[in-house]
Amino acid sequence: MKAKQVFQDMSPYTPGKQIEEVKKEYGLSKIVKLASNENPFGYSNKVKEEIPKMIDHLEIYPDGYASALRQTLAEKLNVGEKQLIFGCGSDEVVDIICRTYLEKGTNTIMATPTFPQYKHNALIQGAEIVEVPLVNGYHDLPKMLDEVNEQTKVVWLCSPNNPTGSLINKEDLVSFLEKCPANVMVVLDEAYYEYIEASNDPNSINLLGEYTNLVILRTFSKAYGLANLRVGYGVASEEIATYLNITRGPFNTTSISQLSALTALEDESFLQNTYQENLVNKKAFMAACDNMGLHYYDSEANFLFVQLPTTGDELFEYLLSKGFIVRSGEALGHPKGVRITIGSKEQMNELQSYMKEFLASHKGE
């Protein structure tokens, strides 16, 4: 049966190489995956201790309102419980926004390259896509504002941006919100919020009261280390959240995922350790890239996009043969570079040695 016309030019999401796949392909026993921006330090031991207690009553539907998690998160963020929407990862909330607000005859504005699910889901709804190229890894906010017209329904701001890691600072964010028409939704995707250095924190949640067209997305998949359990959320005005919750499926997060996220929220020490380890290892990797003569974008996330004198695919394949999975820029819409998740100190030291070998073998090309 033929699907909608737009599907003729689209393809399913292609994830990065999986560990078992690479082991089999290259005959390796050890694989280090630094491709999907997962937490290399795992997840809270408190969650690990609690999960066995959660395996009860699997025959019963979960709490469709995520009441306990909703109450605790609302208190933590100092927002109303009715301002929250939970999703199977924050990418489901992206889909819900597109299904609620976009249709044929509307347009939506985003940077390029950025998180691809904005474009993917908007296309399915029949919206026109307006893409504005990044400038040195950053959103070109003035140009994005210039593109807003009467048909614009949603503007997407990914901060820190995936795949470059660059942050929209508070001054620029507020300036953008001031100038953007109030009837245009501004979605600020902060999937990597917990990695932002404290001095650069835009405190975006505090802007919700003043800018009722603002929607903020966050997730438990990255710094909290719960990527497998798929819990993300949006924070918005009650009006917007109500519309989004009408679109949302009634049981889209499981009891296990809700309780795990709730437990993770209470383990501040794990989150702080993740933040500190990432920061130290990222700065050390930046210094190593400097020594190798490689340029990289400013990053307030748990990854670094490194530009190369070769294609990203070449380094990607070389590192695969050594047991390291990274993400080629060619797969992310940014040729001649790789996005590398920041791993443990030991992992990053080994990775750097292989990168030096690769660059030495391609010297003068």
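Note that the structure is predicted; figures quoted are calculated from it, not measured. (Residues numbered from 1 in each chain as written. Predicted model: local features only at pLDDT ≥ 70, side-chain atom pairs only at ≥ 80, totals over all residues. Heavy atoms only, no water.)

(A) Spotlight on the pairing of strand E3 (residues 107-112). Among the six residues of E3, five are classified as buried, and the element is accordingly described as predominantly covered. In terms of strand pairing, E3 meets strand E4 (residues 128-133) through six bridges, oriented parallel. Bridging across to E4, isoleucine 109 finds its partner in valine 130. Note that the unit made of E3, helix H5 (residues 117-124) and E4 has a crossover that is right-handed. With three bridges joining them, E3 and strand E5 (residues 152-158) adopt parallel strand pairing. Within the sheet, the bridge partner assigned to threonine 108 lies in E5 and is valine 154. (Buried < 20%, exposed > 50% of the residue type's maximum accessible area, 1.4 Å probe, protein only. Helix = DSSP H or I, 4+ residues; strand = E, 2+ residues; numbered from the N terminus. Pairing = 2+ DSSP bridges. Right-handed = clockwise from strand over helix to strand, strands pointing away.)

(B) Up close: the nonpolar core. Core analysis: the largest hydrophobic core is formed by 49 residues, its most contacted members being Leu84, Leu157, Phe176, Leu214 and Phe220. Beyond its immediate sequence surroundings of up to four residues, leucine 157 is in contact with His139, Leu141, Met144, Ile168, Leu173, Phe176, Val186, Val187, Leu188 and Asp189. One finds Ala35, Phe285, Val338 and Ile340 within the second-largest nonpolar core, a separate group that totals 31 residues. (Core = buried A, V, L, I, M, F, W, Y, C linked by side-chain atoms within 4.5 Å. Contact = heavy atoms within 4.5 Å.)

(C) Focus on the environment of glycine 323. Summarising the element assignment, glycine 323 is placed in the loop between helix H11 (312-321) and strand E10 (324-325). Looking at glycine 323, the relative accessible area reads 1%, which means it is buried. Along the sequence, glycine 323 and isoleucine 19 sit 304 residues apart, while their C-alpha atoms lie 9.0 Å from each other. Non-local contacts of glycine 323, meaning those with residues more than four positions away in its chain, are made with Leu28, Lys30, Ile31 and Val32.

(D) Local environment of the sheet that holds strand E9 (residues 303-307). With antiparallel pairing, the three strands of this open sheet are ordered in space as E9-E12-E11. What marks the edges here is a single partner per strand, and that holds for E9 and strand E11 (327-328). Examined bridge by bridge, E11 and strand E12 (residues 337-341) share two bridges and lie antiparallel to one another. For serine 328, the partnering residue across the bridge sits in E12 and is valine 338. With respect to the sheet, helix H10 (residues 268-291) is in contact with E9 and E12, its orientation differing from that of E9 by roughly 10°. (Axes fitted to C-alpha atoms, helices over the stretch in contact; angles between N-to-C directions.)

(E) Fine view of helix H7 (residues 170-179). Of all the positions in H7, only Leu173, Phe176 and Leu177 are classed as buried. Buried residues of H7 fall within an arc of 95° about the axis and therefore sit on the same side. For H7, the exposed residues set more than 90 degrees away from the buried face come down to Glu171, Glu178 and Lys179. In the core, the buried residues of H7 are packed alongside helix H6 (141-146), E5, strand E6 (185-189) and strand E7 (214-219). Regarding H7, its N-cap is asparagine 169, as a side-chain oxygen of that residue lies 3.2 Å from the backbone nitrogen of glutamate 171 further along. (Arc of directions from axis to C-beta. Polar contact = N/O pair within 3.5 Å; in protein donor to acceptor, adjacent residues only side chain to side chain.)

(F) Geometry of the sheet that holds E4. Spatial ordering of the open sheet is given by E2-E8-E7-E6-E5-E3-E4, a layout of seven strands whose pairing is mixed. Each end of this open sheet is capped by a strand with a single partner; those strands are strand E2 (84-87) and E4. With direction set aside, neighbouring strand axes in the sheet form an average angle of 20°. Pairing of E2 with strand E8 (residues 232-235), which is carried by four bridges, proceeds in the antiparallel orientation.

(G) Main features of the packing of aromatic side chains. According to the stated counting rule, one finds ten aromatic pairs in the structure shown. Both rings, one in tyrosine 192 and one in phenylalanine 303, keep their centres 5.1 Å apart while their planes meet at 75°; by these two values the pair is edge-to-face. Taken together, the residues span a long stretch of sequence, with tyrosine 192 in the loop between E6 and E7 and phenylalanine 303 in strand E9 at a distance of 111 residues. There is no split in this pair, since tyrosine 192 and phenylalanine 303 are both buried. Taking the centre distance of 5.9 Å and the plane angle of 40° together, the rings of tyrosine 297 and phenylalanine 305 count as tilted. Taking relative accessible area as the criterion, tyrosine 297 reaches 10% and is therefore assigned buried. With relative accessibility at 0%, the residue phenylalanine 305 sits in the buried group. When the ring centre of tyrosine 43 is taken as origin, the NZ or CZ atom of lysine 48, which lies over that ring, is 5.3 Å away. Here the guanidinium or amino end of arginine 70 rests over the ring plane of tyrosine 65, the centre of that ring lying 3.8 Å away. (Phe/Tyr/Trp six-rings, centres within 6.5 Å; stacked < 30°, edge-to-face > 60°. Lys NZ or Arg CZ within 6 Å of the ring centre and 35° of its normal.)

Purely spatial values, then, with no claim about function.
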